[in-house]
Amino acid sequence: MQDTLRNKTKDELRDEDAIRADVQFQIDHLLQNFNQTAELSAAIEFAYFPLPAAGEIQKVSGTNEKDNQETRRAEYGTKEDYQSLLTLKTSDYASMSVADFNAKLLVWANEDFSRAERIDADMLCNDFQVSLSEEELNFIRLTVFLSGTENGEFVQSNYTGDPVADPIYQKSLPQKENTSDEKSPLWCDFGYRFSYHIANQETLTVGERDRCIGGMITAVEKFWNDTTLDDLLAMTKDDVISHLNSLAAEYSTSDIVITISTEQVHFDHTDEMFINDLRK
């Protein structure tokens with residue numbers, strides 16, 4: 001699905017009807033090649049928010065915060081769901097090897113897929129009916145998330161026979177904008193993606209992995225939050241990629257190496273000519 005959008009021009013990304021038709025064609029093709037049975041079926045739904053025209057700020061329809069949340073795909077996680085998952089948060093989990101912790105998480109997930117699906121839906125929507133401490137949330141959002149992603153690659157490798165792929169993390173950060181002048185709004189969008197390679201899951205600890213990957217994620221968010229819109233408007237995509245590569249080097253070690261997917265870095269802002277005209 002990423003390949004469908006990767007090589008589109010900005011004008012093509014603004015043509016919502018054409019993109020929707022193209023994506024639907026890809027979905028139909030995928031499902032035709034999916035071996036569906038009475039026991040296993042698949043459906044794909046999607047939403048597309050077109051790239052805004054130059055000088056236009058992209059808005060998500062609806063003003064209620066709930067309208068902007070992901071569509072929930074499962075029921076809410078129950079108190080019992082979270083209690084069962086948090087049994088993995090032992091006093092020594094951070095000193096466990098990644099291999100050992102991932103194996104425990106895989107056993108937990110295989111015991112009750114629906115339980116894991118409900119918690120995933122809570123996390124995706126950032127919407128809970130169970131009270132959790134910041135420490136518990138961080139454990140689930142970082143430790144469990146990373147191990148779950150790694151387990152997904154492990155299971156996929158066992159299914160296909162291909163080597164285990166490096167885990168991938170990607171995120172789009174909230175748009176920065178200045179609408180003080182409605183006729184001349186300023187905006188900047190940013191999203192990024194990186195993979196990481198673990199040299200040996202038997203020797204790398206969960207704590208060290210979380211420190212490196214969690215540190216990288218936090219550093220990128222700090223860069224976005226602390227950089228003013230004016231400074232961002234003066235930057236190019238290459239400037240941003242260079243900074244991301246510096247952070248990746250800072251949070252990599254001999255045991256875990258972070259690699260920025262440069263082709264998947266999205267950095268776009270108000271048209272440069274428009275900005276220059278304003279500054280004149």
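This is a predicted model, so every value here is computed, not measured.

**Describing the pattern of salt bridges**
Okay, so step 1: For the coordinates displayed, the defined rule picks out nine salt bridges.
Okay, so step 2: Note that E16 is salt-bridged to R20, the shortest N-O span being 3.0 Å. With E16 and R20 both in helix α3 (residues 16-32), this residue pair falls four residues apart, about one helical turn.
Okay, so step 3: The partly exposed category is assigned to E16, whose relative accessible area is 29%.
Okay, so step 4: Ionic pairing is found between R118 and D81, a salt bridge with its closest N-O pair at 2.7 Å. Here D81 lies in helix α4 (residues 79-85) and R118 lies in helix α6 (residues 113-125), a separation of 37 residues in the sequence.
Okay, so step 5: Through salt bridges with shared partners, one network takes in E150, R209 and D210.

**Side note on helix α5 (residues 98-111)**
Okay, so step 1: Spanning 14 residues, α5 covers 20 Å between terminal C-alpha atoms, matching the ideal 20 Å at 1.5 Å per step.
Okay, so step 2: Considered for burial, the residues of α5 that qualify are V98, A99, F101, N102, L105 and W108.
Okay, so step 3: On its buried side, α5 packs onto α4, α6, α7 (134-160), β2 (186-198) and α8 (206-226).

**Some remarks on the pairing of β2**
Okay, so step 1: Here β2 lies mainly inside the structure; twelve of its 13 residues are buried.
Okay, so step 2: Where strand β1 (residues 168-178) lies against β2, nine bridges are found, and the strand directions are antiparallel. For Q170, the partnering residue across the bridge sits in β2 and is R193.
Okay, so step 3: Bridge count between β2 and strand β4 (residues 266-269): four bridges; the pairing is antiparallel. Each residue of the ladder has a partner; that of D189, found in β4, is D268.
Okay, so step 4: Here β2 pairs with strand β3 (residues 256-260) via five bridges, running antiparallel. In the strand pairing of β3, I198 is matched with I256.

Rules used throughout
- Residues numbered from 1 in each chain as written.
- Predicted model: local features only at pLDDT ≥ 70, side-chain atom pairs only at ≥ 80, totals over all residues.
- Heavy atoms only, no water.
- Salt bridge = Lys/Arg side-chain N within 4 Å of Asp/Glu carboxyl O.
- Helix = DSSP H or I, 4+ residues; strand = E, 2+ residues; numbered from the N terminus.
- Buried < 20%, exposed > 50% of the residue type's maximum accessible area, 1.4 Å probe, protein only.
- Expected span 1.5 Å × (residues − 1).
- Contact = heavy atoms within 4.5 Å.
- Pairing = 2+ DSSP bridges.

Purely spatial values, then, with no claim about function.
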